[in-house]
Each structure stands twice: as structure tokens, then as C-alpha cells.
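Coordinate inspection notes
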Amino acid sequence: MKKIQDRFVAGAISGLGANIVKNMIQRGALMLGIAKETSQRQGAGFFLRRRKVDQPMGDVIGMLTDNALAAGIGVVGSYLFTVTGRDHPFIKGVTHGHLSWLVAYRILARMGANPIKSADPVTQGVTWFSHGAFGITQAYLLRAIADPSLFEPEAWGMPDAVKGKEIGVRAYQPRESTAEYVASRTLPHD
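Residues numbered from 1 in each chain as written. Predicted model: local features only at pLDDT ≥ 70, side-chain atom pairs only at ≥ 80, totals over all residues. Heavy atoms only, no water.

**Observations regarding empty space enclosed by the protein**
Summed over the entire model, instances satisfying the criterion amount to 2 cavities of 30 Å³ or more. If you add up the space inside the largest cavity, you get close to 50 Å³. Around the largest cavity sit Asn 19, Lys 22, Asp 66, Leu 69, Ala 70, Ile 73, Tyr 105, His 131 and Phe 134, which together line it. Where the lining of the largest cavity is concerned, the elements lending two or more residues are α1 (7-31), α4 (56-84) and α6 (121-145). (1 Å grid on protein atoms, 1.4 Å probe; cavity = no way out; pocket = protein on both sides within 12 Å on 5 of 7 lines; lining within 4 Å. Points joined across faces, edges and corners; volume = space filled by probe spheres on them. Helix = DSSP H or I, 4+ residues; strand = E, 2+ residues; numbered from the N terminus.)

And the structure:
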């Protein structure tokens, strides 16, 4: 299978694919009566008033918002892999997923960007868990669909120090002593 050669596209696709897993977990918890909210409903709250969220068009806006966020978070994950490498996808994925949950649904909501807030701790736990699953799935999907050369530091123009290559350090050779330097820079006294 030919791998994707563009880290932006690979990130967006892996984010959208991981969003399917996240939404399945949240919908399952909602159907079982464990959770009271989904990320799609909260996503609609970024753009609509509370009374409009539960209307059919609110569902569409919520789905579009949730998928746009997922694609964007996937792109960020792709660039994160470029800087940190492809190793340890489980740890990097779960961390990235939980940070996205924290920023998108906790910090922005608390700042007033979203009137839909769930005070139910079980629902919060479900969304936290599903975002962890999102991050893990996104990291493994990204490894599977993207060309590995995209995640080498050379592909992004990283300096040699980040690439892990040994850098020769030039010896510092001052032109003059500190006392001579200070003396040459002070104003003459009368």
C-alpha cells in the first residue's frame, strides 16, 4: 500500500478515523444511560444557543464541528510526531487525546465559548476516556497511513541538535580581555 506523503493530509485523515472510535464510545455510553452528553452536542454549543442545539440542524452543526476539531487535532498530532518521532504511539496518543479534551471541552467551555456544560462526573469521565481512545487510535492510524520519512527531523528542517547528531563546538576565543573590553567602551574622563 502506498503511504500518504503529506503530513497535513495524513493527520486530518487519521483524526477523522479516530473520531469514529471516539463517537462510538460516547454513543454507546449514551445509549446505555451511562453518559448524558456527547462531544457532537457540545460541539454544536460552540455555534448555537442552547435551545437550538437539540434541533435537527443542531445535530448537523455538532457533527461538522466535532469532525473539524478531530481533523485539526489529527494535524497537530502529525506535526507532534514530526518533532518527537513515531516511537511510543500509545503514550503520545493518549497524552495528545487528553490534552485535546482539556483544551477543547474544558478550558474553552469554562471561558464561555460553549454554553453546553455537563456537570455530570460520569459523563465527564466518558468523554475523557473517549478522547484518550481518540488519541491512541489517531497515533496508530497515523503510523499506518503516513510515510515514515515524514516523521524524521530532517523532513522538517530541524537543527542538528534536535536530530541527535553530534555537533562540533567551536572553542570560544575572546578578542580581548573583559577589562580591555570595558575600558574601550567607557567614556573618557576629563
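**Some points on the side chain of Asn 19**
Here Asn 19 shows up in helix α1. A polar contact is formed between the side chain of Asn 19 and the side chain of Lys 22, at a distance of 3.0 Å. If we ignore the near neighbours within four places in the chain, the residues touching Asn 19 are Asp 66, Asn 67, Ala 70 and Phe 134. (Polar contact = N/O pair within 3.5 Å; in protein donor to acceptor, adjacent residues only side chain to side chain. Contact = heavy atoms within 4.5 Å.)

**Quick word on the nonpolar core**
Residues Ala 10, Phe 81, Ala 139, Leu 142, Ile 145, Ala 146, Leu 150 and Phe 151 constitute the largest nonpolar core, which totals 8 residues. By residue number, the principal contributor to this core is α6, which donates 3 residues. In contact with Ala 139, other than residues within four places in its own chain, are Phe 81, Pro 89 and Gly 93. (Core = buried A, V, L, I, M, F, W, Y, C linked by side-chain atoms within 4.5 Å. Buried < 20%, exposed > 50% of the residue type's maximum accessible area, 1.4 Å probe, protein only.)

**Re the packing of aromatic side chains**
Applying the stated criterion across every chain yields a total of 1 aromatic pair. Note on Phe 81 and Phe 151: the rings are 5.7 Å apart at their centroids and 80° apart in plane angle, and the pair reads as edge-to-face. Residue Phe 81 is found in helix α4, and its partner Phe 151 is found in the loop between α6 and α7 (160-163); the two are separated by 70 residues along the sequence. Judged by its relative accessible area of 2%, Phe 81 is buried. (Phe/Tyr/Trp six-rings, centres within 6.5 Å; stacked < 30°, edge-to-face > 60°.)

**Let's talk about the pattern of salt bridges**
A complete count under the given rule lists 3 salt bridges for this structure. Measuring nitrogen to oxygen at the nearest pair gives 2.6 Å for the salt bridge that ties Lys 22 to Asp 66. Linking Lys 22 in helix α1 with Asp 66 in helix α4, this pair joins segments that are 44 residues apart in sequence. For Lys 22, a relative accessible area of 3% translates into the label buried. The exposure class assigned to Asp 66 is buried, which follows from its relative accessible area of 2%. With its nearest N and O atoms 2.8 Å apart, the salt bridge here joins Lys 92 to Asp 87. Classification of Asp 87 as partly exposed rests on a relative accessible area of 39%. (Salt bridge = Lys/Arg side-chain N within 4 Å of Asp/Glu carboxyl O.)

**Comments concerning the packing of α1 against α6**
Running from N to C, α1 and α6 point in directions that differ by 150°, and their axes come no closer than 8 Å. Of the two possible hands of crossing, α1 and α6 adopt the one that is right-handed. The residue inventory of the contact of α1 with α6, partitioned by class, reads 13 nonpolar, 11 polar and 1 charged. (Axes fitted to C-alpha atoms, helices over the stretch in contact; angles between N-to-C directions. Left-handed = near helix turned anticlockwise from the far one by under 90°. Nonpolar A, V, L, I, M, F, W, Y, C, P; charged D, E, K, R; others polar.)

**Comments concerning the confidence of the model for the protein**
The predicted model of the protein averages 80 in pLDDT, with 74% of residues at 70 or higher. Ranking the elements of the protein by mean pLDDT puts α7 last, at 49, and α1 first, at 95. Here residues 161-173 is a poorly scored stretch, pLDDT under 50, and it has 7 contacts once near neighbours within four places are set aside; other chains count. (pLDDT = per-residue confidence, 0-100.)

**Details of the environment of Gly 77**
Here Gly 77 lies in helix α4. Here the alpha-carbon distance between Gly 77 and Ala 10, two residues 67 residues apart in the chain, equals 9.9 Å.

**Quick look at the environment of Met 24**
Along the chain, the position of Met 24 falls in helix α1. Met 24 sits in the exposed class, given a relative accessible area of 59%. Residues Met 24 and Ser 130, spaced 106 residues apart in sequence, show a C-alpha to C-alpha distance of 8.7 Å.

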